[in-house]
Amino acid sequence: MRDEINLQTTKILAGCHDLAVLLKDSPEFAAYQKAKEAVGKNESVLELLMKFRALQMRVQVAHLGKAENLALEKELDDMYFTLSMYPEINDFLNAEYRFSKLVGEMQKIFASELGVEQAAMELPNLN
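Overview of the structure. (Residues numbered from 1 in each chain as written. Predicted model: local features only at pLDDT ≥ 70, side-chain atom pairs only at ≥ 80, totals over all residues. Heavy atoms only, no water.)

## Thoughts on the packing of aromatic side chains
Scanning the entire structure with this criterion turns up five aromatic pairs. Pairing phenylalanine 29 with phenylalanine 99 gives two aromatic rings, centres 5.3 Å apart and planes at 55°, and the pair type is tilted. Note that phenylalanine 29 is positioned in helix H2 (residues 27-40) and phenylalanine 99 in helix H5 (residues 87-114), a separation of 70 residues in sequence. Taking relative accessible area as the criterion, phenylalanine 99 reaches 16% and is therefore assigned buried. Note on phenylalanine 52 and tyrosine 80: the rings are 6.0 Å apart at their centroids and 40° apart in plane angle, and the pair reads as tilted. Taken together, the residues phenylalanine 52 in helix H3 (residues 43-64) and tyrosine 80 in helix H4 (residues 70-83) connect sequence positions 28 residues apart. When its relative accessible area of 3% is taken as the criterion, phenylalanine 52 is described as buried. (Phe/Tyr/Trp six-rings, centres within 6.5 Å; stacked < 30°, edge-to-face > 60°. Helix = DSSP H or I, 4+ residues; strand = E, 2+ residues; numbered from the N terminus. Buried < 20%, exposed > 50% of the residue type's maximum accessible area, 1.4 Å probe, protein only.)

Here's what the structure looks like:
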């Protein structure tokens, strides 16, 4: 029995490896990598992007706490508008979005094939 489980696990992991290779060879990942390298070559652009990410995180944390901070959200929107004027950042954010959308579609397929809904995979409210 244990050998059957190990063989099945090995097959699953081999399939995951094959999927990762396909994903790595995708145009979405190639565009993401290219855009990421371009951003990484310019320290000032990278610093702006890091500030944007930090602000995004603050907004997400506020939302997790069920707090609405309109000033913080406006600051994020304004910063996004400014960053979109930088071609390297704009290309990176667009490539990142397309790649994450592909990964999200993969998650939906897994959930559908396994017969579970995405929301059902979340932890229940324990309060």
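## Comments concerning the environment of lysine 51
With respect to the element layout, lysine 51 can be found in helix H3. Residue classification places lysine 51 among the partly exposed residues on the basis of a relative accessible area of 46%. Distance in space between the C-alpha atoms of lysine 51 and glutamate 75 is 12 Å, their sequence separation being 24 residues.

## Overview of the packing of H2 against H5
Running from amino to carboxyl end, H2 crosses H5 at an angle of 150°, the nearest separation of the two axes being 8 Å. Classed by the angle they form, the pair H2 and H5 counts as roughly antiparallel. Here H2 and H5 pass one another in a crossing that is left-handed. Where H2 abuts H5, its residues Glu28, Phe29, Ala31, Tyr32, Ala35, Lys36 and Val39 lie against Glu88, Ile89, Asp91, Phe92, Ala95, Glu96, Arg98, Phe99 and Leu102. Looking at the contact of H2 with H5 residue by residue, the class counts come to ten nonpolar, no polar and six charged. (Axes fitted to C-alpha atoms, helices over the stretch in contact; angles between N-to-C directions. Parallel < 35°, antiparallel > 145°, perpendicular 65-115°, else oblique. Left-handed = near helix turned anticlockwise from the far one by under 90°. Contact = heavy atoms within 4.5 Å. Nonpolar A, V, L, I, M, F, W, Y, C, P; charged D, E, K, R; others polar.)

## Brief notes about a nonpolar patch on the surface
A cluster of nonpolar side chains, Leu19, Leu22, Phe110, Leu114 and Val116, forms an exposed patch at the surface whose accessible area comes to about 480 Å². Of all the secondary structure elements, the ones that give two or more residues to the nonpolar patch are helix H1 (2-24) and H5. Mapped onto the secondary structure, leucine 22 falls in helix H1. Among the residues examined, leucine 22 registers a relative accessible area of 59% and is labelled exposed. (Patch = residues over 30% accessible without salt bridge, like charges linked within 9 Å, V, L, I, M, F, W, Y side chains within 5 Å. Areas by Shrake-Rupley, 256 points an atom, 1.4 Å probe, with all protein chains shown as cover. Salt bridge = Lys/Arg side-chain N within 4 Å of Asp/Glu carboxyl O.)

Remember that the coordinates give geometry; whether it matters functionally is a separate question.
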